[in-house]
Amino acid sequence: MSLNVTDLVHNERITLDPEDILDCGDTELKTKYYNAIINAMGSYTTKPVALKKLHSLLLVETETQNAETVGKIFAALSKIYTKATEPVCNRILSGQCIALLLKIAVDIGEIQKEMSGNVSTLLSVIVNSDSVDCWMPVLRQVMTLYPGPCGPFKGQIWKKLCGEIGCGRIKPNDLGHLFALSGQLGGGGREGVEHTRTFSNNFGLVATTLNKALNELFANVEMFERFPSSGDVIMLSGGGGGGLVQQTTKLAQILDLLEIECSLITKSFPQVREIDCELILSQVSRLFTLTPDCVLQNDIPSNKMLALVLPSLQTLASQLLQALILSTEEDLIPEVATINNILIKSMHMVSSSKVMESLFKVLNVYVRTLGASTGLQFCMDRILPVFAKYITPQQEKLLLQSHQQKRKGGGKKKKNKTDESLTATNVTTKKFINVKILRAALEALGGIVENIGCLLSAEDFLGVSSMLVNLAVGSQIQDPSCLISLIQNLGSLSSVQNPSFSSPLRLCLHFLQQATKHANQSVGESARAALLQLTPVMHPPCPSLAISHLQPQDMRNIIAKMLKGQEGQEDFETMSNESEYEQEVVTPVVPSQVQQSKSIAKTTIFDLKDHKVTKTPSTEKSKPSTTKETRDDSDESIDENTALIQENLKQIENTKRKRQESEKSQEVVEPKKS
């Protein structure tokens, strides 16, 4: 009994996992299923169900289908998409399927020519369509895969995209992506000159339009520094209605323009781009110079709306600064002083939580991208208080207030007395930690420790260590993501070698070891990874947890001991050679004396090494040491060592004297033999 594929397609109640159909291994069944969908798209009643099932298949399709099947599907979808009388829901589904099919068919060379020829037909429908859900997915895929055939429609596409600024029908990120792709349409000319010129024109139009919109939005704010209003701008659609509606429309346009500007400098581009860094930095700095108090200073009703939406503008301004850092990288080094001023001043002035979170993210990207070139190691005294404000929770405080009460006296001469009673009132309760800001602050602090931790001064390194260690030991956070960031920071902090401050490894080990037993598996894995990273630091030469931190004086003492040991070894070898020479020359009459001399010499050298005393030549006589009348324990030990050395020197002199006598007796015996 064969499977009825037609029922699987036509019946909406029968829902199968698309991956089961694609991974069944039966090529014939897959072909029959696709053919059944193509036939179902020709019927008015089964068309919606067939489009939904085709869309679910194309979403998970990984293998390249044959050109014949793809061609049939594309022809059926194009017929539905280009038909003006087709219901909008069917056109939306067919447009989404066409976008997925274009992406799948990239690797099929036989169908490329056919699809490229149909691009003009699709673009004709797109520029005349009013449904964003219908034309936006297809336009984005066509501009990405077939930018050349889009050249004749470049002006119409630009006009259509500009009409969507501030309307809210397209997400700002998607709209920015479409504007970034618009500079690649048509031919690039020799070495991509045309593409570069188009990008410069588009970026200039967007930046000038943004400056003009900001001037209009903050026209009643005296603290806002106006942008120069010159150059061509994009004609934006104005919102009808009263002043509040126009203000809201202008705000939406500014938010979209900021997102478009971010996408223009971060999205991929086939040619070299020229970016005006000073223009972007001026836009960011002027937005961050404003505060809600400055906006409300004139007491104008329209400014209350501006004070309400100011955090959203500053958040996008920080994202624009982050996009500039990511796109230019080392080329931005001449402007690091300006960026440092913007970041430091903004951190101290901003009170909004989402703006502060975005600033910490920018700081993290900034220090990880440019490292020591940022010069933040010289500004940490102004940055650390901001970190401490959002990382360390505020503790409860009690304020004693006095209350005076009158008390009547017992007699006429006695005056009324007052009693003072103290009552404790809770001034500030324990502050709730904002998890988002805490996570962003820990990530930024981790970037500082990893990239410029070894360059920090002793005070700054102490401040960073105190914040992180106190946060860990006090068990003040319970969020798993924040704990993972804290564990990573402690691992980096313990592995960084700062010459001005000792490593806080001993204080972090207990917390890291306890974190390996955390109920959350991700926290335990991060703790084990941090301990594994610290293994070379904890066990440098031997398997022990004893981590030695030597001071300079200790190192000098070790070197001196080694040098004295080498000197004593050289003396020992010299005396050993002399004793061996005596064994060869001396007659059998005096072997015991030579052996005794050799043993005494060994004992002497051993004692000298143990007591750290330099051996004096045998020809010189040791001078008696002068001591004070009052001696402590160390003086007594020195006297004992001196006496022992003198005794050993006397034994050495006796040995040498006996050796000389044996040599003389040998000289007397040899002439008799001759």
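Thresholds applied
Residues numbered from 1 in each chain as written. Predicted model: local features only at pLDDT ≥ 70, side-chain atom pairs only at ≥ 80, totals over all residues. Heavy atoms only, no water. Helix = DSSP H or I, 4+ residues; strand = E, 2+ residues; numbered from the N terminus. Buried < 20%, exposed > 50% of the residue type's maximum accessible area, 1.4 Å probe, protein only. Contact = heavy atoms within 4.5 Å. Axes fitted to C-alpha atoms, helices over the stretch in contact; angles between N-to-C directions. Left-handed = near helix turned anticlockwise from the far one by under 90°. Nonpolar A, V, L, I, M, F, W, Y, C, P; charged D, E, K, R; others polar. Core = buried A, V, L, I, M, F, W, Y, C linked by side-chain atoms within 4.5 Å. Parallel < 35°, antiparallel > 145°, perpendicular 65-115°, else oblique. Phe/Tyr/Trp six-rings, centres within 6.5 Å; stacked < 30°, edge-to-face > 60°. Lys NZ or Arg CZ within 6 Å of the ring centre and 35° of its normal. Expected span 1.5 Å × (residues − 1). Salt bridge = Lys/Arg side-chain N within 4 Å of Asp/Glu carboxyl O. pLDDT = per-residue confidence, 0-100. Polar contact = N/O pair within 3.5 Å; in protein donor to acceptor, adjacent residues only side chain to side chain.

Asks: Whenever I open this one, the overall build of the chain confuses me. Can you help?
Replies: Secondary structure summary: the chain contains 28 helices and two strands in total. Buried positions account for 42% of the 674 residues belonging to the chain. For the chain, restricting intrachain contacts to residue pairs at least 6 apart in sequence, the fraction spanning at least 24 positions comes to 73%.

Asks: How should the packing of helix α3 (residues 27–40) against helix α4 (residues 47–60) be read in this particular structure?
Replies: Two quantities define a packed helix pair, namely the angle between the axes and the distance from one axis to the other. Two elements in contact, α3 and α4, have axes whose closest approach is 8 Å; the angle formed by their N-to-C orientations is 145 degrees. Regarding α3 and α4, the two cross each other, and that crossing is left-handed. On α4, the residues that touch Tyr 33, Tyr 34, Ile 37 and Ala 40 of α3 are Lys 47, Ala 50, Lys 53, Leu 54 and Leu 57. Along the lines of polarity and charge, the residues of the contact of α3 with α4 split into seven nonpolar, no polar and two charged.

Asks: What should I look at first to understand the nonpolar core in this one?
Replies: Within the largest apolar cluster, 171 residues are counted, with the highest numbers of intra-cluster contacts made by Met 41, Phe 218, Phe 360, Leu 363 and Phe 387. Not counting the four nearest positions on each side in its chain, Met 41 is found in contact with Lys 47, Ala 50, Leu 51, Leu 54, Ala 76, Leu 77 and Ile 80.

Asks: What is the right way to look at helix α11 (residues 172–182) in this model?
Replies: In an α-helix there are 3.6 residues to a turn, and that puts residues three or four apart on one side. In terms of burial, α11 is a largely internal element, eight of the 11 residues being buried. Within the span of α11, buried status applies to Asp 174, Leu 175, Gly 176, Leu 178, Phe 179, Ala 180, Leu 181 and Ser 182. For α11, the secondary structure elements touched by its buried residues are α9 (132–145), α10 (154–162), α12 (193–217) and α13 (243–266).

Asks: How should I be thinking about the packing of helix α6 (residues 88–104) against α9 in this particular structure?
Replies: Relative to each other, α6 and α9 sit at 15 degrees, their axes nearing to 8 Å. Taken together, the axis directions place α6 and α9 in an arrangement best described as roughly parallel. In the crossing of α6 with α9, the sense of the turn from one axis to the other is left-handed. Here α6 contributes Arg 91, Ile 92, Gly 95, Ile 98, Ala 99, Leu 102 and Lys 103 to the contact with α9, which in turn contributes Asp 133, Cys 134, Pro 137, Val 138, Gln 141, Val 142 and Leu 145. When grouped by side-chain class, the residues that make up the contact of α6 with α9 number nine nonpolar, two polar and three charged.

Asks: I keep staring at the packing of aromatic side chains and nothing clicks. Help me out?
Replies: The description of two aromatic rings rests on the distance between their centres and on the angle between their planes. Applying the stated criterion across every chain, the model contains eight aromatic pairs. Taken together, a centroid distance of 5.8 Å and an interplanar angle of 55 degrees make the contact between Phe 461 and Phe 501 tilted. Of this pair, Phe 461 sits in helix α21 (residues 458–473) while Phe 501 sits in the loop between α22 (480–495) and α23 (505–515), placing them 40 residues apart in sequence. Through pairs of rings, three or more aromatic residues link up here, namely Phe 199, Phe 203 and Phe 269. Sitting above the plane of the Tyr 81 ring, Arg 91 keeps its charged end 6.0 Å from the centroid. In this structure, Lys 160 packs its charged tip against the face of Trp 135, placed 4.9 Å from the ring centre.

Asks: What is the right way to read the environment of Asp 130 from this model?
Replies: Summarising the element assignment, Asp 130 is placed in the loop between α8 (119–127) and α9. For Asp 130, a relative accessible area of 65% translates into the label exposed. Dropping the residues within four chain positions of it, Asp 130 is found in contact with Trp 135 and Arg 169.

Asks: Help me understand helix α17 (residues 336–349) in this model?
Replies: With 14 residues, α17 ought to run about 20 Å at 1.5 Å a step, and its terminal C-alpha atoms sit 20 Å apart, in line with that. Residues Val 336, Ile 339, Asn 340, Ile 342, Leu 343, Ile 344, Ser 346 and Met 347 constitute the buried set of α17. Considering only its buried residues, α17 is in contact with α14 (277–288), α16 (301–328), α18 (353–370) and α19 (380–391).

Asks: What is the right way to look at the pattern of salt bridges in this model?
Replies: Side-chain pairing between opposite charges can occur once the charged atoms of the two side chains come close. Summed over all chains, the structure comprises 11 salt bridges. Measuring nitrogen to oxygen at the nearest pair gives 3.3 Å for the salt bridge that ties Asp 174 to Arg 140. Here the residue Asp 174 occupies a position in helix α11, and Arg 140 occupies one in helix α9, the gap between them amounting to 34 residues. Arg 140 gets classed as partly exposed once you look at its relative accessible area, which sits at 25%. Of the charged contacts, one joins Glu 357 and Lys 361 as a salt bridge, the two residues approaching to 3.4 Å between their closest N and O atoms. A residue pair is termed a helical-turn pair when its members lie 3 or 4 positions apart in one helix, as Glu 357 and Lys 361 do in helix α18 at four residues.

Asks: So what exactly am I meant to see when it comes to the side chain of Gln 314 here?
Replies: Structurally, Gln 314 can be placed in helix α16. Using a relative accessible area of 6% as the deciding quantity, one classes Gln 314 as buried. When neighbours within four sequence positions are excluded, Gln 314 is seen to be in contact with Leu 287, Phe 288, Leu 290, Val 350 and Val 355.

Asks: Any chance you could explain the confidence of the model for the chain here in plain terms?
Replies: For residues with low pLDDT, the predicted coordinates do not support detailed interpretation. Per-residue pLDDT for the chain averages 79, and the proportion of residues at 70 or more is 76%. Scored below 50 in pLDDT, residues 411–415 makes two contacts in the model with residues more than four places away or belonging to other chains. A low-confidence stretch, residues 426–430 (pLDDT under 50), is modelled with 13 contacts involving residues beyond four sequence positions or located in other chains.

Asks: What am I meant to see in the side chain of Arg 286 here?
Replies: Summarising the element assignment, Arg 286 is placed in helix α14. A distance of 2.9 Å separates the side chain of Arg 286 from the backbone oxygen of Arg 226, its partner in a polar contact. In this view, Arg 286 contacts Phe 224, Glu 225, Arg 226, Phe 227 and Pro 228; residues no more than four positions away in its chain are not counted.

Asks: What exactly am I supposed to notice about unusual backbone geometry here?
Replies: Across residues other than glycine, the phi torsion is negative in most instances, and most of the peptide bonds are trans. For Glu 329, which is not glycine, the phi torsion reads 55 degrees and is therefore positive. Within the fold, Glu 329 resides in the loop between α16 and α17.

Asks: Even after reading the chapter, I still don't get the environment of Ala 207, so can you show me in this structure?
Replies: Examined against the element boundaries, Ala 207 turns out to sit in helix α12. A relative accessible area of 1% means that Ala 207 is categorised as buried. Taking the C-alpha atoms as reference, Ala 207 lies 7.2 Å from Glu 261; in sequence the two are 54 residues apart. Excluding anything up to four places from it in sequence, Ala 207 contacts Glu 261, Leu 279 and Gln 283.

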